[in-house]
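# Survey of secondary and tertiary structure
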Amino acid sequence: MDILIYGTINSFSLALMAIGFTLVYGISRLPNFAHGAIYVITGFLVWSFVNLLGLHYLLGILLSLVIAGLVGAAIYQFILIRVRGMATSEIIASYAIGLAILEALRWKGFKGMTYTLPPFIEGSVEIFGVPVDLQRVIMVGIGAVVVAFLWLFTHYNKIGLALRGMAQDERAAMMLGIDSDMMALIAMAFGSILAGLAAIAILPLGNIVVEAGYRVLILAIAVCIVGGLGSWFGAVLAAFIIGFAQIITDAYIASHFRMVVALLAIIITLILRPSGLFGRQKELEERV
Amino acid sequence: MKMEMGERRKERLDRGIKVRTEGIYAISSWEEMNYLLVPRLALILGMFALPLVMPAYWQRVISYVCIYALLTLGFDFLAHFVGLVSLGGALFVGVGGYLAAILNTSFGLPVVLTIPIATIAGAIICTLLLLPALRLRGVYFAIVTLMYPLVLLRIIEALNILGGTEGILGVASFPNKWVEQYLIIGIVIFSLFGLRRLVNQDIGLVFRGVKDNDQAVRASGLSITIYKSIAVFIASGLGCLGGAYLAHVYMWAGISQFALDFSILPIAATVIGGGGTLVGPVLGCFMLVPISELLRSVGTLRIAFYAIILTVFIVFRSEGIMVYAQRKYHQFERWVKV
């Protein structure tokens with residue numbers, strides 16, 4: 001029962017981390033290697049707003065999310081837009097931006113145990129006899145809401161539909177009058193807000209550390225590859241697979257192997273089914 | 001005024017001497033021969049003169065520069081001739097360094113044996129590790145190379161194997177600093193000219209085919225995966241050689257050899273020096289590594305610093321220094337009326 005409940009919780013946290021990355025990649029084919037950096041920066045922003053400026057927690061969260069979105073949009077508008085379509089430059093530029101943010105944060109001294117966000121609500125509940133603190137329950141709630149919201153947004157909203165059109169065929173979408181740069185900008189802002197949301201939901205469970213930026217990036221990428229790059233449903237499913245695999249290794253082997261599980265998941269996926277579980281429409285493009 | 005601006009454009013033409021030196025006329029006079037030889041000799045002699053003219057503190061840096069130069073050559077080769085972007089130079093350095101250290105401390109092999117064995121065995125290991133990503137196009141190679149150093153570092157730390165966070169101490173050093181420096185300078189020059197030759201051979205053509213149009217390569221009955229593996233083998237061999245050398249220079253192998261510096265600095269050096277020229281990235285190392293030594297006191301900020309330089313260059317000046325210099329050397333420009 002422990003495994004079942006903590007596996008579900010872990011899976012939702014993975015899904016939250018990954019969904020921003022997969023959104024951006026699916027729509028604009030940009031691998032956003034700055035994803036982890038945005039995750040961490042949002043955590044630090046909330047911390048600074050609450051502890052340094054003395055803002056209300058909720059207000060701090062909202063402001064940070066807005067800033068995360070703006071940062072994402074700025075990264076696209078000023079940097080990535082110029083190298084769009086050049087695969088090598090896209091990867092290097094976004095990776096360099098992420099590194100610059102993370103290492104600058106590390107230099108400013110944001111490391112160690114001192115930076116923690118308070119949980120939204122203290123306390124814990126028992127689910128089927130397993131004690132779970134409320135923050136984890138809330139995180140699962142946020143995860144579920146985000147997934148549901150994205151599904152509704154992309155199916156019943158004009159911008160959402162435009163985004164999906166872009167994801168399927170950028171040229172055709174452009175012919176139908178969808179501004180592809182605008183949509184990519186929106187996707188990038190959205191992806192960054194989702195990264196920030198993941199940070200806000202997950203970080204109260206532990207400390208804010210710069211290393212989390214790399215870990216989140218790797219986990220997000222692992223989830224996306226297993227699910228098929230750019231497939232949202234695949235990403236959610238893959239989050240559950242990796243999430244449970246991680247908890248099972250935790251329980252039976254050792255918790256050091258969490259990252260190894262992610263790496264193995266990628267390697268096995270690439271060997272057996274390179275386009276991931278649900279990456280079928282892109283299969284011909286990526287498989288050599 | 002505005003109209004006049006629109007009526008001119010810059011025209012670039014190859015210099016006569018450039019065209020002449022491409023064929024047999026290259027040996028027709030001293031002028032042509034110098035045109036070809038001077039830049040090459042300047043580089044070679046300049047590198048060999050470095051250990052003699054540098055002050056004592058900077059002597060150490062020469063070896064680091066050359067180690068980074070090897071990594072950078074590998075990166076440039078993979079990225080601009082085969083189309084594989086490797087974000088994990090640290091993987092190659094780490095594997096090479098640990099192999100050399102283990103061979104030296106546990107098996108007692110001398111330096112002359114550890115470095116070649118670590119190079120070949122390390123290249124084989126790295127190629128096998130990266131093999132799953134080689135069958136695919138797109139971002140997978142970048143992702144997998146990004147992950148390996150971070151995960152391997154985590155494993156070594158967590159399991160406390162291979163000396164854990166302490167690293168492997170007591171690795172043998174070189175007999176003296178002249179051997180240390182001249183050997184690596186020789187290796188860099190050899191690799192540089194060797195790679196330049198390689199990319200102009202038939203196999204180099206296939207590599208570029210893999211980058212530009214892999215379906216055409218397949219249609220010619222060649223396996224893309226095999227050619228990519230060969231390329232990765234060459235590049236990771238260079239990286240492992242650098243790593244093994246570093247282990248012997250430091251007399252130590254540890255988790256800092258999986259550090260991010262080894263991944264990001266070669267990329268920055270390549271972009272600044274001029275990707276696809278092979279010489280440019282080496283020169284880029286000669287600029288960036290000393291700066292990085294000066295910045296050692298500011299800690300990880302220097303990684304942020306490279307990353308920012310890198311972003312600025314790739315977005316605004318993506319051709320790099322060497323491409324610019326070659327253009328000025330080989331071509332003249334003039335304004336012509338349209």
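These lines cover the structure that appears in this document, whether it is placed above or below.

Procedures and definitions
- Residues numbered from 1 in each chain as written.
- Chains lettered and ligands numbered in written order.
- Predicted model: local features only at pLDDT ≥ 70, side-chain atom pairs only at ≥ 80, totals over all residues.
- Heavy atoms only, no water.
- Helix = DSSP H or I, 4+ residues; strand = E, 2+ residues; numbered from the N terminus.
- Rg over C-alpha atoms; globule rule 2.2 N^0.38 Å.
- Buried < 20%, exposed > 50% of the residue type's maximum accessible area, 1.4 Å probe, protein only.
- Areas by Shrake-Rupley, 256 points an atom, 1.4 Å probe, with all protein chains shown as cover.
- Lys, Arg positive; Asp, Glu negative; His and termini not counted.
- Charge placed at Lys NZ, Arg CZ, Asp CG, Glu CD.
- Salt bridge = Lys/Arg side-chain N within 4 Å of Asp/Glu carboxyl O.
- Contact = heavy atoms within 4.5 Å.
- Core = buried A, V, L, I, M, F, W, Y, C linked by side-chain atoms within 4.5 Å.
- Polar contact = N/O pair within 3.5 Å; in protein donor to acceptor, adjacent residues only side chain to side chain.
- Expected span 1.5 Å × (residues − 1).
- Buried area = accessible area lost by both parts, 1.4 Å probe.
- Nonpolar A, V, L, I, M, F, W, Y, C, P; charged D, E, K, R; others polar.
- Patch = residues over 30% accessible without salt bridge, like charges linked within 9 Å, V, L, I, M, F, W, Y side chains within 5 Å.
- Disulfide = S-S within 2.5 Å.
- Bend = angle between axes of the 7 residues up to and from the residue.
- Axes fitted to C-alpha atoms, helices over the stretch in contact; angles between N-to-C directions.
- Parallel < 35°, antiparallel > 145°, perpendicular 65-115°, else oblique.

Another aspect to go through is the overall build of chain B. A count of helical and extended segments in chain B gives 15 helices and four strands. Radius of gyration (C-alpha) of chain B: 22 Å, near the 20 Å computed for a compact globule of 338 residues. Taking the principal axes of its C-alpha atoms as reference, chain B extends roughly 70 × 50 × 45 Å. The buried share of chain B, reckoned over its 338 residues, is 50%. Carbon and sulfur atoms make up 66% of the accessible area of chain B, which amounts to about 15100 Å² in all. Of the charged side chains in chain B, 27 are positive and 18 negative; the average position of the first set lies 3 Å away from that of the second.

Quick look at the pattern of salt bridges now. Residue and element names in this part refer to chain B. Considering all chains together, one arrives at nine salt bridges over all chains under this definition. Between Lys10 and Glu333 there is a salt bridge, with its nearest N and O atoms 3.5 Å apart. Of this pair, Lys10 sits in strand S1 (residues 8-14) while Glu333 sits in strand S4 (residues 331-337), placing them 323 residues apart in sequence. Residue classification places Lys10 among the partly exposed positions, given a relative accessible area of 42%. With a shortest N-O distance of 2.9 Å, Glu11 and Arg334 are connected by a salt bridge. Within this pair, whereas Glu11 is found in strand S1, its partner Arg334 is found in strand S4, the two being separated by 323 residues in sequence. Of the residues examined, Arg334 reaches a relative accessible area of 40% and is grouped as partly exposed. Members of the salt-bridge network, linked through shared partners, are Lys10, Arg12, Glu319, Arg327, Lys328 and Glu333.

Attention shifts here to the environment of Val46(A). All names here are of chain A. Tracing the backbone through its elements, the reader meets Val46 in helix H2 (residues 35-51). Residues Val46 and Ile200, spaced 154 residues apart in sequence, show a C-alpha to C-alpha distance of 8.0 Å. Excluding residues within four positions of it along the chain, Val46 makes contact with Tyr57, Gly60, Ile61, Ser64, Leu117 and Ile200.

A separate point is the nonpolar core. Within the largest apolar cluster, 196 residues are counted, with the highest numbers of intra-cluster contacts made by Phe33(A), Tyr39(A), Ile221(A), Ile266(A), Phe77(B), Val82(B) and Leu87(B). Leaving out residues up to four positions away in the same chain, Phe77(B) has contacts with Val82(B), Leu195(B), Leu198(B), Val199(B), Phe207(B), Ala231(B), Ile234(B), Ala235(B) and Leu278(B). If you look at the next biggest cluster of nonpolar residues, it comprises nine residues, including Ala101(B), Val171(B), Ala247(B) and Phe258(B).

Glancing now at the side chain of Thr270(B). All names here are of chain B. Of note, Thr270 is situated in helix H12 (residues 261-273). The class for Thr270 is buried, based on a relative accessible area of 0%. Only 2.7 Å separates the side chain of Thr270 from the backbone oxygen of Pro266, close enough to count as a polar contact. Excluding residues within four positions of it along the chain, Thr270 makes contact with Thr72, Phe75, Asp76, His80, Gly275 and Pro281.

Quick look at unusual backbone geometry now. Residue and element names in this part refer to chain B. One non-glycine residue, Leu278, adopts positive backbone phi at about 65°. When you line up the elements, Leu278 lands in the loop between H12 and helix H13 (279-294). Classification of Leu278 by relative accessible area gives buried; the value is 1%.

With 17 residues, H2(A) extends 25 Å from end C-alpha to end C-alpha; this agrees with the ideal 24 Å at 1.5 Å per step. Burial within H2(A) is extensive, with 14 of its 17 residues counted as buried.

This next bit is on the interface of chain B and chain A. Residue-level contacts link 43 residues of chain B with 43 residues of chain A. Summed over both sides, the interface between chain B and chain A buries roughly 4100 Å², with carbon and sulfur atoms accounting for 80% of that surface. The largest contributions to the chain B side of the interface with chain A come from Arg135(B), Tyr140(B) and Met147(B), which together make up 15% of the buried area. Our count for the contact surface shared by chain B and chain A stands at zero salt bridges. In this assembly, chain B and chain A are joined by zero residue pairs in polar contact (both at pLDDT 80 or more). When residues of the side of chain B that touches chain A are traced back to their parent elements, those giving at least two are helix H6 (111-134), helix H7 (140-159), helix H10 (214-219), helix H11 (224-250), H12 and helix H14 (301-316) of chain B. Classifying every residue of the side of chain B that touches chain A gives 34 nonpolar, three polar and six charged.

What follows concerns a nonpolar patch on the surface. Among the surface-exposed residues, Phe233(A), Leu237(A), Ile241(A), Leu277(A) and Phe278(A) lie close enough to one another that they form a single nonpolar patch of about 450 Å² accessible area. One can find Phe233(A) in helix H10 (residues 232-252).

Moving on: the state of the cysteines. A covalent bond between the sulfur atoms of two cysteines is referred to as a disulfide. All names here are of chain B. By the definition in use, this model includes zero disulfides over all chains. As a non-bridged cysteine, Cys66 has Cys285 as the owner of its nearest cysteine sulfur, 9.0 Å distant. For Cys66, a relative accessible area of 1% translates into the label buried. A disulfide-free cysteine, Cys126 has its sulfur positioned 4.0 Å from the sulfur of Cys240, the nearest such atom.

Residues and elements named next belong to chain B. Assignment of secondary structure puts Leu195 in helix H8 (residues 177-198). In the structure, Leu195 is positioned 39 residues away from Ile234 in sequence and 9.3 Å away in space, judged by C-alpha atoms. In contact with Leu195, not counting residues within four places along its chain, are Leu73, Phe77, Ile234, Leu238 and Leu278.

Attention now moves to H6(B). Here H6(B) is 24 residues long and its end C-alpha atoms lie 33 Å apart, about the 34 Å a rise of 1.5 Å per residue gives. Remark: the principal bend of H6(B), roughly 35°, maps to Leu128(B), with a proline, Pro132(B), within the next four residues.

The next thing to look at is the packing of helix H4 (residues 56-82) of chain B against helix H9 (residues 202-212) of chain B. Angle between the axes and distance between the axes: these two values describe a pair of packed helices. All names here are of chain B. Contact geometry of H4 with H9 gives a least axis separation of 7 Å together with a crossing angle of 65°. Here H9 runs roughly perpendicular to H4, going by the angle between their axes. Side by side, H4 and H9 meet where Phe77, Ala79, His80, Phe81 and Val82 of the first sit next to Phe207, Arg208, Val210 and Lys211 of the second. By residue class, the composition of the contact of H4 with H9 is six nonpolar, one polar and two charged.

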